[in-house]
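# Remarks on the overall topology
Next come the chains, spelled out residue by residue.
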Amino acid sequence: MTEQKIQSKRIKQLEADGYYVIKLIQTNKNGIPDLVAIKKDCQCVLFSEVKTPKGKLSKLQEYRLKQLDEHGFKTEVFRG
């Protein structure tokens, strides 16, 4: 399964769970996760990096996830 198909699957799952999902295409910081998911009427924001089952995070992606964690955001690496 391609990363794009896995990403579409994850978006559908998150939306079914009540999240408003935004796919980030370009940001001012490289390595930011692919998806931002925000719960309705909630301050819970999830940054989701989508990878294939064998896909690896780059060092920059690992760093960005750590930064987001340190700022109190929920993060995940989702593998289809």
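For the structure itself, look to the data block above.
All right, on to the nonpolar core then. In globular proteins that are soluble, nonpolar side chains generally tend to be buried together. Among the nonpolar cores identified, the biggest contains 9 residues, and these are Ile6, Leu14, Tyr19, Val21, Leu35, Ala37, Leu46, Val50 and Phe78. When contributions to this core are tallied by element, the ones reaching two or more residues are helix H1 (3-16), strand E1 (19-23), strand E2 (35-39) and strand E3 (45-51). Not counting chain neighbours up to four residues away, the residues in contact with Leu46 comprise Arg10, Leu14, Tyr19, Leu35, Val36, Ala37, Lys74, Thr75 and Glu76.

This next bit is on the environment of Asp34. You can see Asp34 is positioned in the loop between E1 and E2. On the basis of relative accessible area, Asp34 is assigned to the buried category, the value being 13%. When the C-alpha atoms of Asp34 and Glu49 are compared, they prove to be 5.0 Å apart, with 15 residues separating the residues in sequence. At 2.8 Å, the side chain of Asp34 forms a polar contact with the backbone nitrogen of Val50.

Take the packing of aromatic side chains next. Taken as a whole, this structure holds 1 aromatic pair when the rule is applied. Considering the side-chain rings of Phe47 and Phe73, the 5.3 Å spacing of their centres and the 75° angle between planes classify their relative orientation as edge-to-face. One end of the pair, Phe47, is in strand E3; the other, Phe73, is in the loop between helix H2 (59-70) and strand E4 (74-79), with 26 residues separating them in the sequence. Since its relative accessible area comes to 34%, Phe73 is described here as partly exposed.

What counts, and at which threshold
Residues numbered from 1 in each chain as written. Predicted model: local features only at pLDDT ≥ 70, side-chain atom pairs only at ≥ 80, totals over all residues. Heavy atoms only, no water. Core = buried A, V, L, I, M, F, W, Y, C linked by side-chain atoms within 4.5 Å. Buried < 20%, exposed > 50% of the residue type's maximum accessible area, 1.4 Å probe, protein only. Helix = DSSP H or I, 4+ residues; strand = E, 2+ residues; numbered from the N terminus. Contact = heavy atoms within 4.5 Å. Polar contact = N/O pair within 3.5 Å; in protein donor to acceptor, adjacent residues only side chain to side chain. Phe/Tyr/Trp six-rings, centres within 6.5 Å; stacked < 30°, edge-to-face > 60°.

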